[in-house]
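Residues per chain, in single letters:
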Amino acid sequence: MNRERKEAYLSPPGERVPVNKVIPFSSVDGPGSRTAVFLQECNIDCRYCHNPETRNLCSGCGKCVTRCPAGALSQPAGPGTRVAFAPEKCVACDTCIRVCPEGASPRIEYLTAAECFERVRTQIPFIRGVTVSGGECTLHPVFLAELFALCHADHLTTLLDSNGMIDYADYPTLMEVTDGVMLDIKAYTPEDHRRVTGYGNEMVLKNAVWLAERGKLTEIRTVAVPGLFDVPGTVRSVCRLLAPYNNTEGAHRVIRYKLITCRPNGVRKKYLPDLDFPSPAYMSELAEIARGEGFTDLQVV
């Protein structure tokens, strides 16, 4: 099936997708002040995931309903059905996501792109653009294409924060209205990537080059977890893979490399004993590796 026909088989415009939250102002989700939209569901399972409650959809088990101290959750259609959320009652105690056995959150809304953009529109005088993250946002390409077209009509830039596990080349309509992608490269070898996420990374590396060739690779990101995978080797190999595109000639651009310190915040307790959290000196060594490979736009967080 060719790419255009593949897009035609996707769900129709106006679909409702699960939105975990909308952050009106963010300075860490791309350049300038941006509105960040987080969608629910992910297609991999990172052992160090810092927001594991965004991985899955509610199964209707109801465990969060009985534990919510504010009465913000209910099952109006009966046991086993999707939990309903009353945001006006929520006190943001996070009890629901702590007791959920499924890696889900009941505090989501199903919105169309137009409804989501109404949340964005109120921030337009104060933001440079919109970034959509997750979960994994590219699981909802039709929604993204609609939302980004609305953003462009109001002169907002558009960024995806993605794990790169779908083939971007299959979605030309989406990529036409996407100004850039902040791409996670979890690990460089397929074996290491499988150890981190449960899946290989052939598609991720393919997407990295595909985006870089078109000047749409805004940023690459690696979370450093010493001992879980070869972090120095990943940084060095990623830089060498993308070195031909890390410039401002032609369609290319300077690519930022964000090196992220793994921290215990939000990480599932069952994985904490197996994770090492890197020191500032270790992170500085990684930055030196990237700098030595020609990457000058570095951010260590």
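What comes next concerns the included structure. (Residues numbered from 1 in each chain as written. Predicted model: local features only at pLDDT ≥ 70, side-chain atom pairs only at ≥ 80, totals over all residues. Heavy atoms only, no water.)

### Observations concerning the sheet that holds strand β6 (residues 129-133)
Phase 1 of the analysis: Ordered in space as β5-β1-β2-β6-β7-β8-β9-β10-β11, the nine strands form an open sheet in which the pairing is mixed. One side of each edge strand has no neighbouring strand; the edge strands of this open sheet are β5 (109-111) and β11 (298-300). Each strand axis lies, on average, 25° off the axis of its neighbour in the sheet, ignoring direction.
Phase 2 of the analysis: Here three bridges tie strand β10 (residues 256-261) to β11, and the two strands are oriented parallel to one another. Directly across from lysine 258, in β11, lies its bridge partner glutamine 299.
Phase 3 of the analysis: Across the face of the sheet, helix α8 (residues 202-213) comes into contact with β8 (180-184) and β9 (217-224) while running at roughly 150° to β8. (Pairing = 2+ DSSP bridges. Helix = DSSP H or I, 4+ residues; strand = E, 2+ residues; numbered from the N terminus. Axes fitted to C-alpha atoms, helices over the stretch in contact; angles between N-to-C directions. Contact = heavy atoms within 4.5 Å.)

### Things to note about the pattern of salt bridges
Phase 1 of the analysis: Evaluation of the coordinates by the stated rule reveals 18 salt bridges.
Phase 2 of the analysis: Between arginine 121 and aspartate 154 there is a salt bridge, and its shortest N-O distance comes to 3.5 Å. Taken as a pair, arginine 121 in helix α4 (residues 113-121) and aspartate 154 in the loop between α5 (141-153) and β7 (157-162) lie far apart in primary sequence, 33 residues in all.
Phase 3 of the analysis: With a relative accessible area of 38%, arginine 121 lands in the partly exposed category.
Phase 4 of the analysis: Across the pair aspartate 192 and arginine 195 runs a salt bridge, and its minimum N-O distance is 2.4 Å. On the criterion of helical spacing, the pair formed by aspartate 192 and arginine 195 is a turn pair, its members being three residues apart in helix α7 (residues 190-197).
Phase 5 of the analysis: With a relative accessible area of 41%, arginine 195 lands in the partly exposed category.
Phase 6 of the analysis: Among the charged side chains, a network of salt bridges with common partners joins Asp161, Glu219, Arg221 and Lys258. (Salt bridge = Lys/Arg side-chain N within 4 Å of Asp/Glu carboxyl O. Buried < 20%, exposed > 50% of the residue type's maximum accessible area, 1.4 Å probe, protein only.)

### Comments concerning the nonpolar core
Phase 1 of the analysis: Among the nonpolar cores identified, the biggest contains 72 residues, and Leu242 and Tyr257 are the most heavily contacted of them.
Phase 2 of the analysis: With seven residues, the top contributor of residues to this core is α8.
Phase 3 of the analysis: Contact partners of leucine 242, with chain neighbours within four places excluded, come to Ala208, Val209, Ala212, Leu217, Ile220, Ile255 and Phe295.
Phase 4 of the analysis: Among the nonpolar cores identified, the runner-up in size contains seven residues, and Cys64, Cys68, Leu73 and Cys96 belong to it. (Core = buried A, V, L, I, M, F, W, Y, C linked by side-chain atoms within 4.5 Å.)

### Brief notes about the packing of helix α9 (residues 231-242) against helix α10 (residues 280-292)
Phase 1 of the analysis: With their axes 9 Å apart at the nearest point, α9 and α10 run at an angle of 25° to one another. Accordingly, the angle class assigned to the pair α9 and α10 is roughly parallel. Note on packing geometry: the crossing formed by α9 with α10 is right-handed. Touching Val231, Pro232, Val235, Arg236 and Cys239 of α9 are Tyr282, Leu286, Ile289 and Ala290, all from α10.
Phase 2 of the analysis: Residues of the contact of α9 with α10, tallied by class, amount to eight nonpolar, no polar and one charged. (Parallel < 35°, antiparallel > 145°, perpendicular 65-115°, else oblique. Left-handed = near helix turned anticlockwise from the far one by under 90°. Nonpolar A, V, L, I, M, F, W, Y, C, P; charged D, E, K, R; others polar.)

### Structural notes on the environment of alanine 243
Phase 1 of the analysis: Residue placement: alanine 243 occurs in the loop between α9 and β10.
Phase 2 of the analysis: With a relative accessible area of 35%, alanine 243 lands in the partly exposed category.
Phase 3 of the analysis: The sequence separation of alanine 243 and proline 52 amounts to 191 residues, and the corresponding C-alpha distance is 33 Å.

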